[in-house]
Amino acid sequence: MALTLYYHPLASYCWKALIALYEGGVDFTPRLVDLGKAEDRAALQALWPPCRFPVLHDGARGRVLPESTVLIEHLAQHEPGAAPLLPADAQLRLDVRLWDRVCDDQLQDPMQKIVGDRLRDAAVRDPHGVAEARAALQNAYALFEQQLAGRTWLASEGFSLADCAALPALFYAAILEPIPAGHAALHAYFERLLLRPAVQRVLQEAKPWLALFPYREAVPARFL
Ligand SMILES: N[C@@H](CCC(=O)N[C@@H](CS)C(=O)NCC(=O)O)C(=O)O
């Protein structure tokens, strides 16, 4: 098989890639990376020195694709099932790329800041940074609420790269910093995302690992 995905079933950016792969019905070999194991870390680092996942190895084309967005763009170019994740029209593609960036910068980044802080020793925690990250999430929720008014999907008529990015970001962010009840369009969108078979498969595969999430006590029972 030509495609190998280096990933971990709990990692939010890996969910983004997995959702795209499952949405597109793409055939690939999953290679679970345990960063706690030296040999796994070395294998990932040999492909991509920053040692962050997901990374896709496309053996047929001799390419290594790190960065979830680039990985999904590669799938959309070469795998017919994944093509709809990026609209053919150049202007519509820009909308999708914009909202993919918004998901990563305005949801994933602050969410990872909050999780990372909990993993630190108490002496070097950053309560001010965490408070800023929580405020950033609230601002992002308000922005998404505005964007989603009258829409089914985040950035285009069909399910796209932006929606692949949104699900993991919203899933983990909402556990740390609940989405206000008044954001009805955002709540409805999140529920719509959860109905996608690709998303259900990712969540099912993550279940055994959620006990390792630093905020496991806040994970809603329906996901456990
Ligand atoms: N911009 C990258 C971010 C990748 C990333 O941050 N991955 C996290 C997991 S969600 C990771 O590799 N963490 C391991 C570490 O930081 O050591 C992408 O879009 O793929």
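Treat the numbers as computed from the prediction; the structure is a model and nothing was measured.

Moving on to the environment of alanine 90. Note that alanine 90 resides in helix H4 (residues 90–119). Judged by relative accessible area, which is 41%, alanine 90 ranks as partly exposed. Alanine 90 sits 92 residues away from glycine 182 along the chain, and the two C-alpha atoms are 34 Å apart.

Now for the site of the ligand. Around the ligand, the neighbouring residues are Ala11, Ser12, Tyr13, Leu35, Arg52, Phe53, Pro54, Glu67, Ser68 and Gln112. Residue glutamate 67 places a side-chain N or O atom 2.7 Å away from a nitrogen atom belonging to the ligand. Measuring from an oxygen atom of the ligand, one finds a side-chain N or O atom of serine 68 at 2.7 Å. Notes on the ligand: free accessible area 520 Å², of which the protein chains cover 77%.

Attention now moves to the domain arrangement of the chain. Per the domain assignment, the segments making up the chain are domain 1 (3–85) and domain 2 (90–196). With centres defined by C-alpha atoms, the gap from domain 1 to domain 2 works out at 21 Å. Listed by partner, the interface residues are 15 residues for domain 1 and 19 residues for domain 2. Counting each side, the surface lost to burial between domain 1 and domain 2 is near 1,400 Å², with a carbon and sulfur contribution of 56%. Joining domain 1 to domain 2, the criterion identifies four salt bridges.

Now for the sheet that holds strand S2 (residues 29–32). Judged by pairing direction, the sheet is mixed, and its four strands sit side by side in the order S2-S1-S3-S4 without closing on themselves. At either end of the open sheet lies a strand with only one pairing partner, and these are S2 and strand S4 (63–66). Across the sheet, the mean angle from the axis of one strand to that of its neighbour is 20 degrees, orientation sign disregarded. Pairing geometry for strand S3 (residues 55–58) and S4, over four bridges, is antiparallel. When the bridges of S4 are listed, leucine 56 appears paired with leucine 65.

A few words now on the pattern of salt bridges. Throughout the structure, instances matching the rule amount to 14 salt bridges. Between glutamate 205 and arginine 201 there is a salt bridge, with the nearest N and O atoms lying 3.3 Å from each other. Of this pair, glutamate 205 and arginine 201 both sit in helix H8 (residues 197–206), four residues apart, roughly one helical turn. Judged by its relative accessible area of 30%, glutamate 205 falls in the partly exposed class. Salt bridges sharing partners connect three or more residues here, namely Lys16, Asp100, Arg101, Asp104 and Asp105.

Basis of the calculations
Residues numbered from 1 in each chain as written. Predicted model: local features only at pLDDT ≥ 70, side-chain atom pairs only at ≥ 80, totals over all residues. Heavy atoms only, no water. Helix = DSSP H or I, 4+ residues; strand = E, 2+ residues; numbered from the N terminus. Buried < 20%, exposed > 50% of the residue type's maximum accessible area, 1.4 Å probe, protein only. Near = heavy atom within 4 Å. Polar contact = N/O pair within 3.5 Å; in protein donor to acceptor, adjacent residues only side chain to side chain. Areas by Shrake-Rupley, 256 points an atom, 1.4 Å probe, with all protein chains shown as cover. Domains from an automatic or database assignment. Contact = heavy atoms within 4.5 Å. Buried area = accessible area lost by both parts, 1.4 Å probe. Salt bridge = Lys/Arg side-chain N within 4 Å of Asp/Glu carboxyl O. Pairing = 2+ DSSP bridges. Axes fitted to C-alpha atoms, helices over the stretch in contact; angles between N-to-C directions.

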